[in-house]
Amino acid sequence: SEVADAVRSVESRAKRTKVNGYTILILSDNSSRARENAVEAKDTFEATINSLPQEGDPVVNVCTAYVSFAAVQPCLFKYLFMRSKEGPAYAFMSPEQFAHLKEKEAAYTGLAEDKAEKALTHMCVYTHGYASMLAGGQMKSTLEHIAEYICAAHKYLLVALRRDEE
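Now for a description of the structure that goes with this document. If you're wondering where the values come from, they're calculated on a predicted model, not measured in any experiment.

### Points about the side chain of Asp-57
Secondary-structure assignment places Asp-57 in the loop between α3 (31-50) and α4 (58-72). The charged side chain of Asp-57 is buried without a salt bridge, its nearest counter-charge being Arg-162 at 7.5 Å. From its side chain, Asp-57 meets the backbone nitrogen of Val-59 in a polar contact 2.8 Å long. Among the polar contacts listed, one links the side chain of Asp-57 to the side chain of His-154, at a separation of 3.4 Å. Setting aside residues up to four positions removed in sequence, Asp-57 forms contacts with Glu-105, Tyr-108, Thr-109 and His-154.

Right, dumping it as structure tokens:
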């Protein structure tokens with residue numbers, strides 16, 4: 001696809017020049033097309049999130065998809081979600097998406113809404129950190145390990161939150 005080709009081109013130039021990918025996207029001669037590709041990729045990412053399986057834990061599904069995206073498309077992930085001084089180009093989730101996922105988490109886990117919000121907030125922080133480390137090259141992980149780590153982190157968090165309720 002055109003987006004995949006653009007991402008591969010940027011990643012290749014980034015490795016060759018030792019300049020980060022989003023700087024290349026912004027400064028390239030075809031930067032308006034690059035930005036359009038990034039928006040298209042963001043739309044594709046959101047469509048992926050919106051079409052996740054309905055079975056299983058909704059927070060684990062979303063977090064696994066986010067981290068997997070960082071592992072598979074590190075340059076694009078950094079451009080979309082890790083911009084520095086001016087903040088990220090896009091938020092991980094809109095406030096409406098967060099509220100909807102919080103409701104799904106409460107229903108799936110049986111947690112009270114405030115505990116579900118706490119669980120989701122913690123998982124967002126963990127997930128973004130994990131994804132950023134993968135995209136930044138500080139660690140490597142297979143897609144299978146990503147799912148395993150996200151699931152384990154969520155499981156331990158739920159145990160702690162339930163213990164706090166007692």
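### Thoughts on the nonpolar core
Across soluble globular proteins, nonpolar side chains show a tendency to be buried alongside one another. Within the largest apolar cluster, 34 residues are counted, with the highest numbers of intra-cluster contacts made by Tyr-66, Val-67, Phe-69, Phe-77, Phe-81, Met-93 and Ile-150. When residues of this core are traced back to their parent elements, those giving at least two are α3, α4, α5 (74-81), α6 (95-109), α7 (113-135) and α8 (143-165). Examining the composition of this core, we find that 9 residues originate from one element, α7, more than from any other. Beyond its immediate stretch of four places on either side in the chain, Tyr-66 contacts Phe-45, Phe-77, Phe-81, Phe-92, Thr-127, His-128 and Ala-131.

### Quick notes on the pattern of salt bridges
Throughout the structure, instances matching the rule amount to 2 salt bridges. For the salt bridge of Glu-113 with Lys-102, the shortest nitrogen-to-oxygen distance reads 3.3 Å. Of this pair, Glu-113 sits in helix α7 while Lys-102 sits in helix α6; the two residues are 11 residues apart in sequence, bridging distant segments of the chain. Accessibility expressed as a relative area gives 47% for Glu-113, which makes it partly exposed. Residue Glu-117 is joined to Lys-102 by a salt bridge in which the shortest nitrogen-to-oxygen separation is 3.5 Å. One end of the pair, Glu-117, is in helix α7; the other, Lys-102, is in helix α6, and 15 residues separate them in sequence. By relative accessible area, which is 12% here, Lys-102 ends up buried. What you see here is one network of salt bridges that share partners, running through Lys-102, Glu-113 and Glu-117.

Scoring rules and cut-offs
- Residues numbered from 1 in each chain as written.
- Predicted model: local features only at pLDDT ≥ 70, side-chain atom pairs only at ≥ 80, totals over all residues.
- Heavy atoms only, no water.
- Helix = DSSP H or I, 4+ residues; strand = E, 2+ residues; numbered from the N terminus.
- Buried < 20%, exposed > 50% of the residue type's maximum accessible area, 1.4 Å probe, protein only.
- Lys, Arg positive; Asp, Glu negative; His and termini not counted.
- Salt bridge = Lys/Arg side-chain N within 4 Å of Asp/Glu carboxyl O.
- Polar contact = N/O pair within 3.5 Å; in protein donor to acceptor, adjacent residues only side chain to side chain.
- Contact = heavy atoms within 4.5 Å.
- Core = buried A, V, L, I, M, F, W, Y, C linked by side-chain atoms within 4.5 Å.

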